[in-house]
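Okay, here's what each chain looks like letter by letter:
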Amino acid sequence: MSSRLDQWLEVLVDTQGSDLLLVPEAPVCMLVEGSVRRMEASLLTGNEIEEAVLPALTPHALELYRKHQIADSSYRVEGLGRFRINLHREKGEAAAAIRALPTRIPELADLHLPPQVAALAKLKRGLVLIGGPAGSGKSTTLAALINEINRDEARHIVMIEDPIEYEHVHNRSVIEQVEIGTDAPDFPTALRAALRQAPDIIVVGEMRDPETMRIAVAAAETGHLVLSTLHTTDVASTLGRISDSFPIERQNTIRQELSMALTAVLTQMLLPTNTGGRVPAIELLMISYAGRHHIRRNALQHLHQEITMTKGQGSQTLEESLAKLVMDRKIDREEALARAIHPDDLQSLLKSLQQLSA
């Protein structure tokens, strides 16, 4: 007899849902195309959630949960696939969010990203940051970029994740996948070890702490290509998040180092389409001399203009991305305006594009 958790996950997979949501005093729910659907009518308790989820945690994750009341873990179910578990506390009781991990790494072309994103896979060195809220497809974009490199180039790639989301096979490149809690105790330790393994490319699943950020920036400065993700909303907040993670007396130094190491910042969000499903809207800044100057001076408010100034290098504002989605009739104008950071810019873009198409 499969466990209660496995039964829920079977329904999730059969329904092609992305996430299982277990919250006390709420029914079992799942996310399908970004919308919440109830799976059962009865309400869960925190004890029921713990009883269902604790046996699925790795020993390391279980130890972390006992100690800190929060933990991430990978979980594999024969015939269903792999899942990422986040077990945490909510109003003093256990709660969990469990994501189904795709078995196939998507091609970049399948993600409906603008073509200039593919150019990130051709970079040889520097720091590439991918930002976005939870569930925005950051890890999927990152996996697709690595898959592109693996197919086209002979590189040594070390990926550090918590937990491993997409399983890569060796193609032209050799890929080592290090899982926190199983292969290394934490990101800084794994990152230091990776630097001794002669990698061409280092992937840091998520920038979670200042020490990881510091080592990653230093690695990018010394000639490695380093790719990582952060939970942020736009280019400026992505860079601000890194410098603000350090004590005030260290922030000028890290901004100086970041300005030298950074090559590109991509942020993305997933929006509901007019036909069902979701589509990404992106903001991309390819770092120029002026961009480095703004980062050093902490004048991040100027980066939006810098995106416009570096279109020739592949940069694109969020508003340009949203305007194209509206003109392609993939999303509504109202949805685009609600998501825009600079709605006046979006209004002007839409007016210009509509005049051109008239």
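In case you missed it, the structure is sitting above this.
The text that follows walks through the structure, step by step, so that each part is easy to find. These numbers were taken from a predicted model, which means no experiment stands behind them.

**Section: the pairing of strand S12 (residues 262-272)**
Across the 11 residues that make up S12, a large majority, 9, are buried. Pairing analysis gives 5 bridges linking strand S7 (residues 126-131) to S12, with the strands arranged parallel. Bridging across to S12, Ile130 finds its partner in Leu266. Of the pairings in the sheet, the one linking S12 to strand S13 (residues 278-286) comprises 9 bridges and is antiparallel in character. Paired with Val265 across the strands is Leu285, a residue of S13. From the end of S12 to the start of S13, which pair antiparallel, there are 5 residues, and Gly276 there has a positive phi angle of about 90 degrees.

**Side note on the sheet that holds strand S8 (residues 156-161)**
Within the open sheet, the 7 strands sit side by side as S9-S8-S10-S11-S7-S12-S13. Their pairing is mixed. Of all strands in the sheet, those with a lone pairing partner are strand S9 (174-179) and S13, marking the two edges. Direction aside, neighbouring strands of the sheet carry axes that sit 15 degrees apart on average. Taken strand by strand, helix H6 (residues 210-221) contacts S7, strand S10 (201-204) and strand S11 (225-230), and its axis lies near 150 degrees from that of S11. Of the strands in this sheet, S7, S11, S12 and S13 touch helix H7 (residues 235-244), which is tilted by about 125 degrees from S12.

**As for the nonpolar core**
Within the largest apolar cluster, 37 residues are counted, with the highest numbers of intra-cluster contacts made by Leu127, Leu129, Ile160, Val226, Leu239, Leu258 and Leu262. Once residues lying within four places of it in the same chain are set aside, the contact partners of Leu262 are Leu127, Leu129, Leu239, Ile287, Arg292 and Ile295. Counting residues in each nonpolar core, the second largest holds 28 residues, with Ile49, Ala61, Ala71 and Ile85 among its members.

**What to know about the packing of helix H11 (residues 318-327) against helix H13 (residues 343-357)**
Look at H11 against H13: their axes get within 9 Å of each other, and the N-to-C directions meet at 40 degrees. Between H11 and H13, the crossing angle belongs to the class labelled oblique. In this structure, H11 meets H13 at a crossing whose hand is right-handed. Side by side, H11 and H13 meet where Glu319, Glu320, Leu322, Ala323, Val326 and Met327 of the first sit next to Asp345, Leu346, Leu349, Leu350, Leu353, Gln354 and Ser357 of the second. Looking at the contact of H11 with H13, its residues break down into 8 nonpolar, 2 polar and 3 charged.

**Thoughts on the pairing of S7**
One face of the sheet, then the other: side chains in a regular strand alternate in exactly this way. Among the 6 residues that make up S7, 6 are buried, leaving the element largely enclosed by the rest of the structure. Of the two faces of S7, the one lined by Gly126, Val128 and Ile130 and the one lined by Leu127, Leu129 and Gly131 are each fully buried. Of the strand pairs in this sheet, S7 and S11 are connected by 6 bridges, and their pairing is parallel. Each residue of the ladder has a partner; that of Leu127, found in S11, is Val226.

**Looking at the pattern of salt bridges**
In the structure shown here, the tally under the stated rule is 22 salt bridges. Salt bridges here are not isolated pairs; linked through shared partners, they connect Glu107, Lys122, Glu148, Arg151 and Asp152.

**As for the sheet that holds strand S3 (residues 35-43)**
Within the open sheet, the 6 strands sit side by side as S3-S2-S1-S6-S5-S4. Their pairing is antiparallel. Of all the strands in the sheet, the pair left with one neighbour each is S3 and strand S4 (71-77). Along the sheet, successive strands turn relative to each other by an average axial angle of 20 degrees, direction set aside. Note: strand S2 (residues 27-32) against S3, 5 bridges, orientation antiparallel. For Leu31, the partnering residue across the bridge sits in S3 and is Val36. Those strands touched by helix H3 (residues 59-68) are S4, strand S5 (81-90) and strand S6 (93-101), and its axis lies near 145 degrees from that of S4.

**Looking at the packing of helix H8 (residues 248-261) against helix H9 (residues 289-296)**
Interhelical geometry of H8 versus H9 gives an angle of 165 degrees and a closest axis separation of 8 Å. Between H8 and H9, the angle falls in the class roughly antiparallel. Regarding H8 and H9, the two cross each other, and that crossing is right-handed. Here H8 contributes Arg255, Gln256, Leu258, Ser259, Met260 and Ala261 to the contact with H9, which in turn contributes Arg292, Ile295 and Arg296. Looking at the contact of H8 with H9 residue by residue, the class counts come to 4 nonpolar, 2 polar and 3 charged.

**Here's the deal with the environment of Thr45**
With respect to the element layout, Thr45 can be found in the loop between S3 and helix H2 (46-53). The partly exposed category is assigned to Thr45, whose relative accessible area is 32%. Look past the residues within four positions of Thr45 in its chain and what remains in contact with it is Pro24 and Glu93.

**Overview of H8**
Compared with an ideal rise of 1.5 Å per residue, which puts 14 residues at 20 Å, H8 spans 20 Å between its outermost C-alpha atoms and is within 8% of the ideal. What H8 keeps buried is the set Gln251, Ile254, Arg255, Leu258, Ser259 and Ala261.

**Here's the deal with the side chain of Asp6**
Along the chain, the position of Asp6 falls in helix H1 (residues 4-14). Of the buried charged residues, Asp6 lacks a salt bridge, with Arg4 as the closest side chain of opposite charge at 11 Å. Once you skip the residues sitting within four places of it in the chain, Asp6 turns out to touch Tyr75, Val77 and Leu80.

Calculation criteria
Residues numbered from 1 in each chain as written. Predicted model: local features only at pLDDT ≥ 70, side-chain atom pairs only at ≥ 80, totals over all residues. Heavy atoms only, no water. Buried < 20%, exposed > 50% of the residue type's maximum accessible area, 1.4 Å probe, protein only. Helix = DSSP H or I, 4+ residues; strand = E, 2+ residues; numbered from the N terminus. Pairing = 2+ DSSP bridges. Axes fitted to C-alpha atoms, helices over the stretch in contact; angles between N-to-C directions. Contact = heavy atoms within 4.5 Å. Core = buried A, V, L, I, M, F, W, Y, C linked by side-chain atoms within 4.5 Å. Parallel < 35°, antiparallel > 145°, perpendicular 65-115°, else oblique. Left-handed = near helix turned anticlockwise from the far one by under 90°. Nonpolar A, V, L, I, M, F, W, Y, C, P; charged D, E, K, R; others polar. Salt bridge = Lys/Arg side-chain N within 4 Å of Asp/Glu carboxyl O. Expected span 1.5 Å × (residues − 1). Lys, Arg positive; Asp, Glu negative; His and termini not counted.

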